[in-house]
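The chain contents come next:
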Amino acid sequence: MVTAFIMVKANTGEADRLRDNIETIEGVKSAHIVAGDVDIIAKARVETPAAVKEIAANQIQGISGVEDTQTYIAMD
Amino acid sequence: MRFVIIGAGRVGLRTARVLGEEGHEVTLIERDEATANRARNQGFTVIDGDGSQEALLEEAGVEDADAVGALTGDLNVNFSACLIADHYGCRTILRIDEEYRERIYRKYADVVDEVIYPERLGAMGAKNALLGGTIRAIADIAQHLQVVELTITEEAPINGYTISELQLPADSTVLAFGKTDGDLEIPTADESLEVGDRLVVLADFAVLSDVRQIVVGKTRGRAEAEQGADIESGTTTEDTEANTGGAN
């Protein structure tokens, strides 16, 4: 299993909508609106690193209002 | 009153200056050495370092400060500082770096009493300058509502009529009226509207251009930039210009 944290930079004030959309993606365990230079941090737990990429690059970046994502894979 | 301001850049320093001029006590925190020295040379009390550190905030006197302004360009620093300041019972002001975040922080940042976006005020000043003196934004009241001051021109359809004859669109209302060189006052019905007179109108953005056409006329701002007297209770020209400036 792979655990990943995905930082999401938005370009819309509709942070709630983004968070709710992200939370419905399969493999995403939780998503929170945070203060700072990113707007949302999502935690994903999936079978393979490729699935992480699918979630971040295709699904999350496909949501309107998402400007950019940055993914961190847990090593422990 | 006592204030702590984090960030001695363009926004923080000007805020400190204005507060200082009004007799308030201000301590700045700045992590960039050159920026800190510049403020110090101008007579401000400056503490060197990262304003998101509790020890530095304590050194700056957060314990008996009335309010803390987190005015750096770094949102992480600003938010942490507000968290700590809130814990000490201060009123907290957070500067945001991007406009869309205004809504998010207003809703979620419970520890923040007020969110400010200086670029909005800067843009208002720039817009006024570009429009060339016949229309001047005074304040954004809400997303859709703005208070503007309009100067009546020769071509204005209302030129020569009285206040009572003035028909503005729905969603707009006259707040104040001033003769060319006079102060702004509550409008009275028989007042005549002449070239150079000023009307302060509260209007929905949707009807702003209609209001403009009625009061100013069709000609677009020739740069005859008349400096009207400022409304005392409103944002003054000086305030608007003082905030023109983006990053620290």
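Residues numbered from 1 in each chain as written. Chains lettered and ligands numbered in written order. Predicted model: local features only at pLDDT ≥ 70, side-chain atom pairs only at ≥ 80, totals over all residues. Heavy atoms only, no water.

Caption draft 1: A positive patch on the surface, seen in detail. Residues and elements named next belong to chain B. A cluster of basic side chains, namely Arg10, Arg14, Arg17 and Arg38, defines a positive patch on the protein surface. The element best represented in the positive patch is helix 1 (residues 10-21), accounting for three residues. Its location among the elements puts Arg17 in helix 1. (Patch = residues over 30% accessible without salt bridge, like charges linked within 9 Å, V, L, I, M, F, W, Y side chains within 5 Å. Areas by Shrake-Rupley, 256 points an atom, 1.4 Å probe, with all protein chains shown as cover. Salt bridge = Lys/Arg side-chain N within 4 Å of Asp/Glu carboxyl O. Lys, Arg positive; Asp, Glu negative; His and termini not counted. Charge placed at Lys NZ, Arg CZ, Asp CG, Glu CD. Helix = DSSP H or I, 4+ residues; strand = E, 2+ residues; numbered from the N terminus.)

Caption draft 2: Region of the structure containing the sheet that holds strand 4 (residues 66-73) of chain A. All names here are of chain A. What the four strands build is an open sheet, ordered 2-3-1-4; its pairing is antiparallel. Bordering the open sheet on either side are strand 2 (28-33) and strand 4, each of which pairs with just one other strand. Within the sheet, the average angular offset between the axes of one strand and its neighbour, ignoring direction, is 20 degrees. Two strands pair when backbone bridges link them, and strand 2 and strand 3 (residues 40-46) are joined in this way by five bridges, in the antiparallel orientation. Its bridge partner lying in strand 3, His32 is registered against Ile41. Relative to the sheet, helix 2 (residues 49-60) contacts strand 1 (2-10), strand 2, strand 3 and strand 4, its axis offset from that of strand 1 by approximately 15 degrees. (Pairing = 2+ DSSP bridges. Axes fitted to C-alpha atoms, helices over the stretch in contact; angles between N-to-C directions. Contact = heavy atoms within 4.5 Å.)

Caption draft 3: Here's a closer look at the sheet that holds strand 10 (residues 198-204) of chain B. All names here are of chain B. As summarised here, the arrangement of the four strands in space is 7-8-10-9, forming an open sheet in which the pairing is antiparallel. The sheet is open, and its two borders are formed by strand 7 (135-142) and strand 9 (172-178), each paired with just one other strand. Averaged over all pairs of adjacent strands, the angle between strand axes in this sheet comes to 20 degrees, irrespective of strand direction. When strand 7 meets strand 8 (residues 145-151), the two strands line up antiparallel, connected through six bridges. Residue Ala139 lies in a different strand from strand 8, and its bridge partner there is Val147.

Caption draft 4: Representation of the pattern of salt bridges in the model. All names here are of chain B. Considering all chains together, one arrives at 18 salt bridges over all chains under this definition. A salt bridge links Arg40 to Asp48; its shortest N-O distance comes to 2.7 Å. The exposure class of Arg40 is partly exposed, given its relative accessible area of 31%. Between Arg101 and Glu98 there is a salt bridge, with its nearest N and O atoms 3.9 Å apart. In this structure Arg101 comes out as buried when scored by relative accessible area, which is 1%. (Buried < 20%, exposed > 50% of the residue type's maximum accessible area, 1.4 Å probe, protein only.)

Caption draft 5: Representation of the interface of chain B and chain A within the structure. On the chain A side, the residues contacting the eleven residues of chain B number 16 residues. Carbon and sulfur atoms supply 50% of the area that chain B and chain A bury against each other, a total of about 1,100 Å² over both sides. Among the residues chain B hides against chain A, the three largest losses belong to Tyr100(B), Ile104(B) and Tyr108(B). Together they make up 46% of the total. The interface formed by chain B and chain A includes three salt bridges. (Buried area = accessible area lost by both parts, 1.4 Å probe.)

Caption draft 6: Structural detail: unusual backbone geometry. All names here are of chain B. With phi around 65 degrees, Asp171 is a residue other than glycine that occupies positive phi space. Here Asp171 is to be found in the loop between strand 8 and strand 9. Residue Asp171 is classed as exposed on the basis of its relative accessible area, which comes to 55%.

Nothing here speaks to function; it is geometry throughout.
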